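Below, each chain spelled out in residue letters.
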Amino acid sequence: MTSLLKDKNIVVMGVANNRSIAWGITKSLYNAGANLIFTYRQERSKQKLEKLLEKNEIKPKFIVSCDVEDDESIEQAFQEIGENAGTIHGLVHSVAFANTDELKGDYADTSRDGYLTAQNISAYSLAAVTREARKFMTEGGGIVTQTYLGAERVVPNYNVMGVAKAALEASVRYLAEDVGKDGIRVNAVSAGPIRTLSAKGVSGFNDKMSVVEEKAPLRRQVDQDQVGDATLFLLSDLARGVTGEVLHVDSGFHIVA
Ligand code: NDP
Ligand code: N5H
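Cut-off values and rules
- Residues numbered from 1 in each chain as written.
- Chains lettered and ligands numbered in written order.
- Predicted model: local features only at pLDDT ≥ 70, side-chain atom pairs only at ≥ 80, totals over all residues.
- Helix = DSSP H or I, 4+ residues; strand = E, 2+ residues; numbered from the N terminus.
- Rg over C-alpha atoms; globule rule 2.2 N^0.38 Å.
- Buried ≥ 20, exposed ≤ 12 C-beta atoms within 10 Å, placed from the backbone.
- Contact = placed C-beta atoms within 7 Å.
- Near = placed C-beta within 6 Å.
- Nonpolar A, V, L, I, M, F, W, Y, C, P; charged D, E, K, R; others polar.
- pLDDT = per-residue confidence, 0-100.
- Pairing = 2+ DSSP bridges.
- Axes fitted to C-alpha atoms, helices over the stretch in contact; angles between N-to-C directions.
- Expected span 1.5 Å × (residues − 1).
- Bend = angle between axes of the 7 residues up to and from the residue.
- Parallel < 35°, antiparallel > 145°, perpendicular 65-115°, else oblique.
- Left-handed = near helix turned anticlockwise from the far one by under 90°.

### Digging into the overall build of the protein
Per the secondary structure count, the protein includes seven helices and seven strands. Secondary structure of the protein in N-to-C order comes out as β-α-β-α-β-α-β-α-β-α-β-α-α-β. Here the C-alpha atoms of the protein give a radius of gyration of 17 Å, agreeing with the 18 Å that 2.2 N^0.38 yields for 257 residues. With the C-alpha coordinates of the protein rotated into their principal frame, the extents come out at 45 × 40 × 40 Å. When each of the 257 residues of the protein is scored for burial, the buried share is 45%. Within the protein, contacts between residues separated by at least 24 positions form 76% of all contacts whose residues are at least 6 apart in sequence.

### With respect to the site of ligand 2
Residues in close proximity to ligand 2 total 21 residues, the closest being Ala96, Pro193, Ala199, Val202 and Lys208. Residues of the shell around ligand 2, tallied by class, amount to 14 nonpolar, six polar and one charged.

### Remarks on the confidence of the model for the protein
When the pLDDT values of the protein are averaged, the result is 97; 100% of them are 70 or greater. Both scores are available for the predicted complex, with the pTM at 0.99 and the ipTM at 0.99.

### So, the sheet that holds strand β7 (residues 246-249)
The strand order β3-β2-β1-β4-β5-β6-β7 describes an open sheet built from seven strands, whose pairing is parallel. If you trace the sheet from one side to the other, it starts and ends with β3 (62-65) and β7, each paired once. Each strand of the sheet is rotated relative to its neighbour by a mean of 20°, with strand direction disregarded. Where helix α1 (residues 21-31) meets the sheet, its contacts fall on β1 (9-13), β2 (35-40), β4 (90-93), β5 (141-147) and β6 (184-191), and the angle it forms with β1 comes to roughly 165°. The strands touched by helix α4 (residues 112-134) are β1, β4, β5 and β6; relative to β4, the strand with the most contacts, the crossing angle is about 165°.

### A short note on α4
Helix length check: α4, at 23 residues, gives a terminal C-alpha distance of 31 Å against a target of 33 Å (1.5 Å per residue), a fit within 8%. Bending of α4 peaks at approximately 50° at the position of Tyr124.

### Re the site of ligand 1
Inspection of the region around ligand 1 gives 29 residues, with Ser20, Ser45, Ala96, Thr196 and Ser198 positioned closest. Within the residue set of the shell around ligand 1, elements represented by two or more residues are α1 and β5. Residue classes in the shell around ligand 1 are distributed as 17 nonpolar, nine polar and three charged.

### Some remarks on unusual backbone geometry
Non-glycine residue Asp7 carries a positive phi angle of around 65°. Secondary-structure assignment places Asp7 in the segment before β1. Exposure remark for Asp7: the 10 C-beta atoms within 10 Å place this residue in the exposed category. One non-glycine residue, Glu57, adopts positive backbone phi at about 55°. With respect to the helices, strands and loops of the structure, Glu57 is situated in the loop between α2 (43-55) and β3. Glu57 gets classed as exposed once you count the C-beta atoms within 10 Å, which come to 7.

### A few points about the packing of α4 against helix α5 (residues 159-180)
Relative placement of two packed helices is described by the angle separating their axes and the distance separating the axes. Relative orientation of the contacting elements α4 and α5 amounts to 20°, with a least axis distance of 9 Å. Here α5 runs roughly parallel to α4, going by the angle between their axes. Classified by chirality, the crossing of α5 by α4 is right-handed. Residues Gly114, Tyr115, Ala118, Gln119, Ser122, Ala123, Leu126, Ala127, Thr130 and Arg134 of α4 touch α5, and the partners they reach there are Val160, Met161, Ala164, Lys165, Ala167, Leu168, Ser171, Leu175 and Val179.

### Observations regarding α1
Spacing of three or four residues puts side chains on the same side of an α-helix, whose turn is 3.6 residues. Most of α1 sits out of view: nine of its eleven residues are buried. Two residues or fewer after α1 comes Gly33, characterised by a positive phi angle close to 90°.

### Observations regarding the pairing of β4
In β4, alternate side chains face the same way, and those of Gly90 and Val92 on one face and Leu91 and His93 on the other are all buried. Sheet topology places β1 next to β4; four bridges connect them, and they run parallel. By the bridge assignment, Met13 is partnered in β4 with His93. Bridge analysis of β4 against β5 gives four bridges, and the strand direction is parallel.

Right, dumping it as structure tokens:
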């Protein structure tokens, strides 16, 4: 337990189940004293989240539905969060989506619709939620999103999501400039492969996991708790001089040729 985020109101988007990266983040933030507000898309995710919170004796401040494909849903969610919490001090964006059939084969075969869906949910959404959250971040604070190495390098099968993550990382920099004047920092964590609901069933995932164990300087896989602690750091005052940054939490995999 620390008090790095004592009395801070933090919004967490993207818990689908106990394997979600956002759940690892939830545990780190809770142990640092944060008051937590959650958003979900599917009713099934809400039910899983409620059970997890109960089991772990975490009392949420507020849980609200938010589909990041829909501007009205985002506006309404943050309006309710603002009314309920008053001030927001932090936001965790841990959502992404691409159609499974576009996460294999040639990137050149990506459909226009598939491209727009991936960009819409996985990249544009960060700008949209930053715009709404900022209205209530009157004391400054931090925003952290989740990205992957496929934004920087060609990783087979990541395809349309790699291009969306490249847009997401560029958005982190542009948004950092926008909201820096309000004392708000925007950063990303670039995690190594972690077995989650999203990762399940996509081709090539297992190979990516094992190559980290083989080649990364730390010779071990990354887990949700490591990403949780790095996200906690970025949201906390310890990172008060850090913005527009992409922090790799990947056992050092990205430095190896
Ligand atoms: P999860 O499947 O646990 O989480 C994905 C989340 O995205 C779900 O909670 C889902 O909500 C949410 N989501 C999808 N579409 C929407 C939408 N339109 N509106 C609101 N929420 C939506 O997977 P992860 O924890 O793995 O993914 C979290 C983030 O981490 C993603 O950005 C992913 O790209 C990134 N990442 C993951 C890595 C990994 O190896 N797992 C590695 C590096 C980065 P719902 O189920 O309710 O629809
Ligand atoms: C190189 C790889 C492996 C291949 C690519 C995987 C890309 C995954 C990202 C997206 C988010 C996965 C996705 O959208 C899956 C959906 O089509 C189907 N799943 C769902 O709808 C479930 C039910 C819901 C909960 O999922 C979502 N997203 O809503 C990359 C891997 C080594 C690392 C990785 C897995 C990165 C990443 O960004 O997640």
